[in-house]
Amino acid sequence: MRLMHLSDLHIGKRLNEFSLLDDQSYILDEILRIAEEQKPDAVAIAGDIYDKSTPSAEAVALFDSFISRLARLVTPVFVISGNHDSAERIAFGSSLMQTAGVYLSPVYNGESTPVKVKDEFGSVNVYMLPFIRPSDVRRLFPDDDTESFDSAFKTAVSHLNVNENERNIILAHQFITGAAAGGSESVSVGGLDNISAEVFEPFDYAALGHIHHRQNITSEKVRYCGTPLKYSFSEVSDEKTVTIANIGKKGELSIEEVPLRPIRDLREIKGTYLEITDRNFYDKFNREDYIHVTLTDENDIPEAIGRLRNVYPNIMKLDYDNTRTRENRTVGDLADEVKRSPSELFAEFYKTCNNTELSEEQTAYLDEVIKEIWGQ
């Protein structure tokens, strides 16, 4: 079975106030072309279909066109909702869509019936878990351990009643411990939403979404395919691909990657104003790319961004790197802050403001508020 694995389309996204709909339309056409060439047996789209829970009409129309054309090339197609999506909106019309071979994840209901797909080795069971929070699982299984994202997800998987003697695939949209973040995805402070990769042991392939950088977690069978486009300048060096998972008989798996080339790339350039406006400099790449410019001139260039747009029409960001900015720059260790829990960070903030520690009563109240905010 050849499974095309996609995720995090984020249709309707804006980057630095630039609409990316045209870029997304182009890259979805590229994905359709790859599907036609590669002839996968099924397609998995692992969440974050849209960039907002209430997507624009244009974003909905684009996904509708894409999924309709995709289903004419490949069936079945499996789609789950991510943390950016409205689970109810993604689930709408699911019964009707199944008649066209498109399976949309329902609002999480704890049910465990997989979709069975046939290939030359028999059946493959496909499980679809939309993005879930501990509160979603606790509502259905109040007697099970659902205190954390990790324990709640393990509880949800345990109720799938997976037969490990058969071949099983799961679609999920969560943050797995060990994943290298760093794109534009949301990462919780303190790692509250981390889930252990061991939960995927019963599965022959876990088609994951949420992390924007393509990567394997522990092994090839637990994989993030990444976004089809770069959605942050922190992703400038990433190569975007379509993942094809070749699932043979029980225990056999290989991964292929098919490169995706955008109509406009994200690019960072650095130099003096005269250097980066010289034809010998900018003729080396596509000036229509989305550009982050860092000027190294010691003095600010009057109306710099307006003047630079004559050369780089899609300039998104301008900053300076010179003696003045280096003296004023303060760099905090964000990595260390992310590792600390929200409770620890707030307690430190409270002590700084009030010159006293939180009381036990205040700490208990704070913990309850944090649980409510994070859906725990």
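Residues numbered from 1 in each chain as written. Predicted model: local features only at pLDDT ≥ 70, side-chain atom pairs only at ≥ 80, totals over all residues. Heavy atoms only, no water.

Re the overall build of the chain
Step number 1: Helix and strand counts for the chain stand at 13 helices and 19 strands.
Step number 2: Whereas a compact globule of 376 residues would reach a radius of gyration of roughly 21 Å, the chain reaches 23 Å, a difference of no more than 12%.
Step number 3: Seen through its principal axes, the chain has C-alpha atoms that stretch 65 × 60 × 40 Å.
Step number 4: Burial status across the chain gives 48% buried among its 376 residues.
Step number 5: Long-range contacts, defined as pairs at least 24 residues apart, comprise 70% of the intrachain contacts of the chain with a sequence gap of at least 6.
Step number 6: A total accessible area of about 18500 Å² is found for the chain, and carbon and sulfur atoms account for 48% of it. (Helix = DSSP H or I, 4+ residues; strand = E, 2+ residues; numbered from the N terminus. Rg over C-alpha atoms; globule rule 2.2 N^0.38 Å. Buried < 20%, exposed > 50% of the residue type's maximum accessible area, 1.4 Å probe, protein only. Contact = heavy atoms within 4.5 Å. Areas by Shrake-Rupley, 256 points an atom, 1.4 Å probe, with all protein chains shown as cover.)

A few points about the pairing of strand β4 (residues 42-46)
Step number 1: Among the five residues of β4, five are classified as buried, and the element is accordingly described as predominantly covered.
Step number 2: Of the two faces of β4, the one lined by Ala42, Ala44 and Ala46 and the one lined by Val43 and Ile45 are each fully buried.
Step number 3: Two elements, β4 and strand β5 (residues 77-80), share four bridges in a ladder whose sense is parallel. Its bridge partner being in β5, Ala44 is matched across the sheet by Phe78. (Pairing = 2+ DSSP bridges.)

Considering the side chain of Ser7
Step number 1: Along the chain, the position of Ser7 falls in the loop between β1 (2-6) and β2 (14-15).
Step number 2: A distance of 2.7 Å separates the side chain of Ser7 from the side chain of Asp8, its partner in a polar contact.
Step number 3: Not counting residues within four places of it along the chain, the set of residues in contact with Ser7 comprises Ala46, Gly47, Leu208, Gly209, Cys225, Gly226, Thr227 and Pro228. (Polar contact = N/O pair within 3.5 Å; in protein donor to acceptor, adjacent residues only side chain to side chain.)

Looking at the packing of helix α1 (residues 21-38) against helix α2 (residues 57-73)
Step number 1: Axis separation between α1 and α2 bottoms out at 10 Å; the angle between their running directions is 5 degrees. Taken together, the axes of α1 and α2 lie roughly parallel to each other. Together, Leu21, Gln24, Ser25, Leu28, Asp29, Ile31, Leu32, Ala35 and Glu36 of α1 and Glu58, Ala59, Leu62, Phe66, Arg69, Leu70 and Leu73 of α2 make up the contact between the two elements.
Step number 2: Classifying every residue of the contact of α1 with α2 by side-chain character gives 10 nonpolar, two polar and four charged. (Axes fitted to C-alpha atoms, helices over the stretch in contact; angles between N-to-C directions. Parallel < 35°, antiparallel > 145°, perpendicular 65-115°, else oblique. Nonpolar A, V, L, I, M, F, W, Y, C, P; charged D, E, K, R; others polar.)

Looking at the nonpolar core
Among soluble globular proteins, nonpolar side chains are generally buried collectively.
Step number 1: Judged by nonpolar contacts, the single largest core of 41 residues is most densely connected at Ile45 and Phe66.
Step number 2: Those elements giving two or more residues to this core turn out to be β1, α1, β4, α2, β5, β6 (102-104) and β15 (241-247).
Step number 3: Among all residues touching Phe66, those that are not within four sequence positions of it are Leu6, Leu9, Leu28, Ile31, Leu32 and Ile45.
Step number 4: If you look at the next biggest cluster of nonpolar residues, it comprises 30 residues, including Ile132, Phe141, Val162 and Phe200. (Core = buried A, V, L, I, M, F, W, Y, C linked by side-chain atoms within 4.5 Å.)

As for the packing of aromatic side chains
Remark: the centre distance and the inter-plane angle together describe each pair of aromatic rings, the angle taken between the planes.
Step number 1: Tallied over the full model, the rule gives nine aromatic pairs.
Step number 2: Between Phe18 and Tyr290 the ring centres are 5.8 Å apart and the planes differ by 75 degrees, which places this aromatic pair in the edge-to-face class. With Phe18 in strand β3 (residues 18-19) and Tyr290 in strand β18 (residues 290-295), this pair connects stretches of sequence that are 272 residues apart.
Step number 3: The class of Tyr290 is buried, set by a relative accessible area of 3%.
Step number 4: Aromatic pair Phe281 and Phe285: ring centres 5.9 Å apart, planes at 90 degrees, arrangement edge-to-face.
Step number 5: Look at Phe285 and you get buried, because its relative accessible area is 17%. (Phe/Tyr/Trp six-rings, centres within 6.5 Å; stacked < 30°, edge-to-face > 60°.)

Some words on the sheet that holds β6
Adjacent strands of a sheet pair through backbone hydrogen bonds, lying either parallel or antiparallel.
Step number 1: Pairing within the open sheet is mixed, and its six strands lie in the order β6-β5-β4-β1-β15-β16. Every other strand in the sheet has two partners, leaving β6 and β16 (253-259) as the edge strands with one partner each. When the angles between neighbouring strand axes are averaged without regard to direction, this sheet yields 20 degrees.
Step number 2: Pairing between β1 and β4: four bridges, direction parallel. Residue pairing across strands places Leu6 opposite Ile45, the latter belonging to β4.
Step number 3: Strands in contact with α1 are β1, β15 and β16; relative to β1, the strand with the most contacts, it is inclined by about 170 degrees.

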